[in-house]
Amino acid sequence: MDRGDMRPRGSRPVVVRVPVEPVEAAVEADALDAVARAGDVVVRGPLFGVAAQSPEDGHRWRVVLEVTAGCPQQARDGLNSRLWFHAKDEAQDRSERRELLAAVARLEGERVDELVVSGTRYRVVRAEEYAASGPGGMEPPRPTDPEPLVPDWDRSVREPEIDDGFVVDPDAPVTPTQAFEQLTLRDLCYTGERFPEEVRADSRRALDTHPDVLLMPPTFAVVEQTPGGWRPVSGPHATPHAARRSLDFALTWMWPRMRGLIPEDADPRTDARTRAAYRGGDGGKAADRRAAKLAAYAGAADTLRVGRVNRLDFQDAVYRIVRTRRLLRWGADGPEGPRPSDVNSQDPARIHLTLDEDGRVLPDD
């Protein structure tokens, strides 16, 4: 690569469009304000998912398994399940089912990052997760990020899916701030000594093999302030409200049970605020202390539910809803896959029961 060129060798031109629709123009203005506030880019590390490309997609790829997995094998296991269920419920005939099950068998025993099944290419893809950080810490949700008109705290309501219907298209026009972010992050590379040399070498190599950067939809997470920075409390969510709901669940269900304030076998549909007067079998002062602690959790949840709350101070800790971002590198053959230095937390394994050519599930011996 000739670093003296305006554009890295092999990279694609960025097509910029000017937003004319009022809502999109407001989003762009919001993004400009965020650029002015941001001071640094904080890189958390890679995330993995699965993209697919059919003949009718041309050069584009469709995300079929959200890019949120912490290691490549988790994405491979997700693809394993997707193909197994496709064979069970959607295959049109024995021939298609045999092809799907052959792919499943490979995924059970190999670290396969790309498969072609019934004319569709499936690829485990790699994205870099990062966030903007300024004087006040990590970037919170923006005013124009999607929020429900009426917040719904019912846990039975399914939250929006991350990357639902997202198409990766390197030729799609982008707004000026998106173009600025893409071009600024083209040279993003691991350089610190805390990264092993093989990780840094793979990162440098990716600048040449996958010189373009494409932005994925933002995600939102709960973090806790610590002396060393910010510690993730939740995984990524599609909206700020979904992240708040995860914190509400922790306050009203998970943490009280983890800390012995509510029996672990209590009805999970019971909200903690209705159990603020809970008494254990021991009675007396211990029960009163337990009830007071439980009431504090319920009170914190009530504070969170007041509105679009992005900061919660509770028990000497600060929790925030933050806006996280992901970039996907793109090369001559499409989106980047896992790098040799990416760590797998588990080995390939059999996930589902045996399925025969007629779609019948066979019991294990």
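Everything that follows concerns the structure shown earlier in this document.
What counts, and where the lines are drawn
Residues numbered from 1 in each chain as written. Predicted model: local features only at pLDDT ≥ 70, side-chain atom pairs only at ≥ 80, totals over all residues. Heavy atoms only, no water. Helix = DSSP H or I, 4+ residues; strand = E, 2+ residues; numbered from the N terminus. Polar contact = N/O pair within 3.5 Å; in protein donor to acceptor, adjacent residues only side chain to side chain. Contact = heavy atoms within 4.5 Å. Phe/Tyr/Trp six-rings, centres within 6.5 Å; stacked < 30°, edge-to-face > 60°. Buried < 20%, exposed > 50% of the residue type's maximum accessible area, 1.4 Å probe, protein only. Core = buried A, V, L, I, M, F, W, Y, C linked by side-chain atoms within 4.5 Å. 1 Å grid on protein atoms, 1.4 Å probe; cavity = no way out; pocket = protein on both sides within 12 Å on 5 of 7 lines; lining within 4 Å. Points joined across faces, edges and corners; volume = space filled by probe spheres on them. Nonpolar A, V, L, I, M, F, W, Y, C, P; charged D, E, K, R; others polar. Salt bridge = Lys/Arg side-chain N within 4 Å of Asp/Glu carboxyl O. Axes fitted to C-alpha atoms, helices over the stretch in contact; angles between N-to-C directions. Parallel < 35°, antiparallel > 145°, perpendicular 65-115°, else oblique. Left-handed = near helix turned anticlockwise from the far one by under 90°.

Caption draft 1: Focus on the side chain of glutamate 224. Its place among the elements puts glutamate 224 in strand β8 (residues 219-226). Polar contacts involving the side chain of glutamate 224 include one to the side chain of arginine 231, which spans 2.3 Å. Dropping the residues within four chain positions of it, glutamate 224 is found in contact with Gly229, Trp230, Arg231, Val233, Ala317, Val318 and Tyr319.

Caption draft 2: Molecular detail of the packing of aromatic side chains. Per the counting criterion, the structure on display carries five aromatic pairs. Ring geometry for tyrosine 297 and phenylalanine 314: centres 5.0 Å apart, planes at 70°, overall edge-to-face. Of this pair, tyrosine 297 sits in helix α7 (residues 284-304) while phenylalanine 314 sits in strand β10 (residues 311-314), placing them 17 residues apart in sequence. Here tyrosine 297 and phenylalanine 314 have matching classes, each one buried.

Caption draft 3: Layout of the nonpolar core. Counting residues in each nonpolar core, the largest one holds 22 residues, and the members touching the most others are Val50, Leu79, Leu83, Leu115, Val117 and Tyr122. Broken down by secondary-structure element, the contributors of at least two residues to this core are β1 (40-53), β2 (61-69), α2 (72-89), α3 (94-109), β3 (114-117) and β4 (120-134). If you look at the next biggest cluster of nonpolar residues, it comprises 21 residues, including Val222, Leu294, Ala300 and Leu312.

Caption draft 4: Main features of the environment of glutamate 181. Within the fold, glutamate 181 resides in helix α4 (residues 176-184). Through-space distance from the C-alpha of glutamate 181 to that of leucine 327 is 9.8 Å; in sequence the pair is 146 residues apart. Look past the residues within four positions of glutamate 181 in its chain and what remains in contact with it is Tyr130, Leu215 and Arg325. Reaching out from glutamate 181, the side chain makes a polar contact with the side chain of tyrosine 130 at a distance of 2.5 Å.

Caption draft 5: Structural view of empty space enclosed by the protein. Evaluation of the coordinates by the stated rule reveals one cavity of 30 Å³ or more. In terms of lining, the largest cavity is formed by Val43, Glu128, Leu188, Cys189, Tyr190, Ser203, Ala206, Leu207, Leu327, Arg329 and Arg339. Taken together, the elements giving at least two residues each to the lining of the largest cavity come down to α5 (197-209) and β11 (317-331). In terms of residue count, α5 provides more of the lining of the largest cavity than any other element does, three residues in total. In the lining of the largest cavity, the residues fall into seven nonpolar, one polar and three charged.

Caption draft 6: Broad picture of the pattern of salt bridges. Per the counting criterion, the structure on display carries 34 salt bridges. Note that arginine 106 and glutamate 110 form a salt bridge whose closest N and O atoms lie 3.3 Å from each other. Taking relative accessible area as the criterion, arginine 106 reaches 37% and is therefore assigned partly exposed. As a salt-bridge pair, aspartate 333 and arginine 121 come within 3.1 Å of each other at their nearest N and O atoms.

Caption draft 7: Geometry of the layout of surface pockets. Space inside the second largest pocket adds up to approximately 270 Å³. Among the elements that line the lining of the second largest pocket, the one with the most residues is β4, at four residues.

Caption draft 8: Representation of the packing of α2 against α3. Between α2 and α3, the least distance of the axes is 9 Å, while the angle of their chain directions is 160°. Looking at the two axes, α2 sits roughly antiparallel to α3. Crossing angle aside, the handedness with which α2 passes α3 is left-handed. Of the residues in α3, those touching α2 at Arg76, Leu79, Asn80, Leu83, Trp84, His86 and Ala87 are Glu96, Arg97, Leu100, Leu101, Ala103, Val104, Leu107 and Glu108. For the contact of α2 with α3, the class distribution of residues is nine nonpolar, two polar and four charged.

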